[in-house]
Amino acid sequence: MDIFLQLLVSGVATGGVYALIALGFVLIYKATHIINFATGEFMMIGAYLCYTFLALSGIPIIPTFILVMLCAAVLGFLVERTILRHMLGQPVISIIMVTIGLSSILVGLTEIIWSSQFESFPPLFPRAPLDLGFVLVRSTLAYGFAISMAAVAVFALIFKYAKAGVAMRATAGDQMAAFSMGINVKTMFTFAWALGAIAAALGGVIVGNIGGISPVLGAVGLKIFPVVILGGLDSIGGAVVGGFIIGVLENLAGGYLDPHFGGGVKEVAPFVIMVLILLVKPHGLFGKEDIERL
Amino acid sequence: MTLLAVDNLTLAFGGLNVLSQVSFTVEPGQIFAIIGPNGAGKTSILNCIGGFYRAQQGRIFFDDQDITNISPDRRAAMGLARTFQNIALFRGMTVLDNIKLGRHAHLKTGLLSSLLYWGAAQREEMELRREVEESIIDFLEIEHIRNQPVASLAYGLQKRVELARALAMRPKVLLMDEPVAGMNAEETEDMARFILDIKEERDVTIVMIEHDMNMIMDISDQVVVVNFGQKIAEGNPRQVQSHPEVVKAYLGEKRER
């Protein structure tokens, strides 16, 4: 029972971080219908930026977070303006290829700027694990979870209540109608990319803080695909629920099945779930099914 | 005084000529109808006026300004509203949210102020709500559905919500693409009544595309007929109805034997 609780709690904490990264993906998909395969690389860049500001430049932690978010927003802005803006109206497959290419470019740039070596992160948070009474949670995971949930809440509030968020929802609903309502749809695309990049970069900082950083940190970003397929590609609530479910299942599978299979189940489990979801409920739990009223 | 002028509009997609040298002017307070057979280019004219298509030649003037090179969102903010042939509501939002979005372009409070500055943003929201409730929802008789998600509504009601959303923009000109297509007789009658009331009570000029000839003849002030991308006739409904080119376009020519 102790082991179960331990696995459950750390699964929930991991899931919270997945939720934040998945949110970065969903914000961009919802507004622009672009599947961003470079989400993991946005994370990695965020982690490296944090490492640079904190460990190499000695900037305190709060300004570091603000700087990372600003830089991520600029990155999202530049990617949208210089690359994807010109892909408007192109076939989906071309746009996907562009984002895959973009992810390789970002990895390459990272290796040029920071070298490809593994670096350990300076401690961001107090080291003492969080004691919940029945289980202990690693401090990096506990704080990471708290930051993720706060960020998710802020993004959700913006999307639901702020004027720009409402305009983004309208853009997601029907671009031509949004234009006719006086909403500048192209500005909304840029805004979505900036927000998506911020969410991914924050997620990257948390992941880097847990396990150290290297240019392959972006591989963690692949796990958001099971999350968003489960939750529904265009659902913010789905990203959160999907994040928790995948985090918990992954941890349970790792804890109980890994010893019997000689390891590896933890890494595979999310993708097995993804395939099952695609077979049974292709739009995910909360995704939009295009039902036409005839 | 002319409110909207389309001057010498020519539009082609690749080698396909969609519009050639179409010109007309709309006076304030008119119900201006654009008719013509399927594929004649009627919706393309509306898309040029709305700013979704860029014509290769020709200019569009609205409210004494040349709007030919202005983006669609800015045209909307200037007072051009639009309803669509295929309903373009924001699915998943309620009727009320859809209508309130129509006022988006006119809200003064921005992102930061709506986050920080609760006073002004809230006051504006309350004003908007009152105006929407009193003068749009009641007017279009959709009180009973205002909190329902739009996707669940019947077709005729969705069309009405779309009209409500356009009215919430306080437009000077309302572009309507087939407002009564697919409606039964009763719904058509209601919509015709709403269109007349909008013109008379709200000082909104209406430019509409329609296939329902009875409605066109009943309510429009000026009619322009297009066929194969060209204007073939213009005048009041009676003049247009008996115009030989129009008869030819709709009924075909008598073959010489």
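Residues numbered from 1 in each chain as written. Chains lettered and ligands numbered in written order. Predicted model: local features only at pLDDT ≥ 70, side-chain atom pairs only at ≥ 80, totals over all residues. Heavy atoms only, no water.

Within chain B, the secondary structure is distributed over 10 helices and 10 strands. Referenced to the eigenvectors of the C-alpha coordinate spread, the extents of chain B come out at roughly 75 × 40 × 35 Å. In chain B, which comprises 257 residues, the share counted as buried stands at 51%. Considering only intrachain contacts with a sequence separation of at least 6, the fraction spanning at least 24 residues in chain B is 66%. As displayed, chain B offers around 12300 Å² of accessible surface, 47% of which is attributable to carbon and sulfur atoms. Of note, chain B has its 28 positive side-chain charges centred 5 Å away from the centre of its 35 negative side-chain charges. (Helix = DSSP H or I, 4+ residues; strand = E, 2+ residues; numbered from the N terminus. Buried < 20%, exposed > 50% of the residue type's maximum accessible area, 1.4 Å probe, protein only. Contact = heavy atoms within 4.5 Å. Areas by Shrake-Rupley, 256 points an atom, 1.4 Å probe, with all protein chains shown as cover. Lys, Arg positive; Asp, Glu negative; His and termini not counted. Charge placed at Lys NZ, Arg CZ, Asp CG, Glu CD.)

Another aspect to go through is the packing of aromatic side chains. For the structure on display, the rule yields 11 aromatic pairs over all chains. Judged by centre distance (4.8 Å) and plane angle (15°), the ring pair of Phe125 of chain A and Tyr143 of chain A falls under stacked. On the criterion of sequence distance, the pair formed by Phe125 of chain A in the loop between helix H4 (92-114) and strand E1 (130-131) and Tyr143 of chain A in helix H5 (residues 139-161) is long-range, its members being 18 residues apart. Taking the relative accessible area as the measure of exposure, Phe125 of chain A reaches 15% and is therefore buried. In this structure an aromatic cluster arises from ring pairing among Phe25, Phe37 and Phe225 of chain A. Sitting over the face of the ring of Phe139 of chain B, Arg202 of chain B holds its NZ or CZ atom 4.6 Å from the ring centroid. (Phe/Tyr/Trp six-rings, centres within 6.5 Å; stacked < 30°, edge-to-face > 60°. Lys NZ or Arg CZ within 6 Å of the ring centre and 35° of its normal.)

Facing 21 residues of chain A, the contacting portion of chain B comprises 29 residues. Buried surface at the junction of chain A and chain B, summed over both partners, amounts to about 2100 Å²; 68% is from carbon and sulfur atoms. Viewed at the interface, chain B and chain A are joined by 0 salt bridges. Between the two partners, chain A and chain B, sit 0 residue pairs in polar contact (both at pLDDT 80 or more). If you list the elements that add at least two residues to the side of chain A that touches chain B, you get helix H6 (163-173) and helix H7 (175-180) of chain A. (Buried area = accessible area lost by both parts, 1.4 Å probe. Salt bridge = Lys/Arg side-chain N within 4 Å of Asp/Glu carboxyl O. Polar contact = N/O pair within 3.5 Å; in protein donor to acceptor, adjacent residues only side chain to side chain.)

Here we take up helix H1 (residues 42-50) of chain B. The buried fraction of H1 of chain B amounts to 8 of the 9 residues, a majority that puts the element mostly inside the structure. Downstream of H1 of chain B by a residue or two, Gly51 of chain B has a phi angle that is positive, lying close to 100°.

Further remarks concern the side chain of Ser235 of chain A. Looking at the element boundaries, Ser235 of chain A is found in the loop between helix H9 (224-231) and helix H10 (236-261). Ignoring anything within four residues of it in the chain, the contact list for Ser235 of chain A reads Val26 and Phe286 of chain A.

Counted under the stated rule, the structure contains 12 salt bridges over all chains. Arg85 of chain A is the salt-bridge partner of Glu80 of chain A, the closest N and O atoms lying 3.2 Å from each other. Each member of the pair, Glu80 of chain A as well as Arg85 of chain A, carries the same accessibility label: buried. Residue Asp221 of chain B is joined to Lys199 of chain B by a salt bridge in which the shortest nitrogen-to-oxygen separation is 3.2 Å. Remark: Lys199 of chain B occurs in helix H7 (residues 185-202) and Asp221 of chain B occurs in the loop between helix H8 (213-219) and strand E9 (222-227); sequence separation between them is 22 residues. Asp221 of chain B sits in the partly exposed class, given a relative accessible area of 30%.

All names here are of chain A. It is the contact of helix H1 (residues 2-32) with H6, at a shortest axis distance of 6 Å, that shows an interaxial angle of 60°. Our classification of the angle between H1 and H6 gives oblique. Only Met168, Thr171 and Ala172 of H6 make contact with H1, whose side of the interface consists of Leu27, Lys30 and Ala31. By residue class, the composition of the contact of H1 with H6 is 4 nonpolar, 1 polar and 1 charged. (Axes fitted to C-alpha atoms, helices over the stretch in contact; angles between N-to-C directions. Parallel < 35°, antiparallel > 145°, perpendicular 65-115°, else oblique. Nonpolar A, V, L, I, M, F, W, Y, C, P; charged D, E, K, R; others polar.)

The subject of this paragraph is H4 of chain A. All names here are of chain A. Compared with the 33 Å implied by 1.5 Å per residue over 23 residues, the 33 Å span of H4 between its first and last C-alpha is a close match. Buried residues of H4: Ile95, Ile96, Thr99, Leu102, Ser103, Leu106, Thr110 and Trp114, and no others. Against the buried residues of H4 lie helix H2 (39-56) and helix H3 (61-82). Ser115 lies just past H4 and shows a positive phi near 70°. (Expected span 1.5 Å × (residues − 1).)

The next thing to look at is the sheet that holds strand E8 (residues 205-209) of chain B. Residues and elements named next belong to chain B. The strand order across the open sheet formed by 6 strands is E6-E7-E8-E3-E9-E10, and the pairing between neighbours is mixed. Each edge of the sheet is formed by a strand with only one pairing partner; in this case those strands are strand E6 (80-83) and strand E10 (230-235). The average undirected angle you get between the axes of adjacent strands in this sheet is 15°. Where strand E7 (residues 173-177) meets E8, 5 bridges bridge the pair, whose relative direction is parallel. Across the sheet, the residue bridging to Val173 is Thr205, located in E8. Packing against the sheet, H1 makes contact with strand E3 (31-35), E6, E7, E8 and E9, and its axis sits at approximately 150° to E7. (Pairing = 2+ DSSP bridges.)

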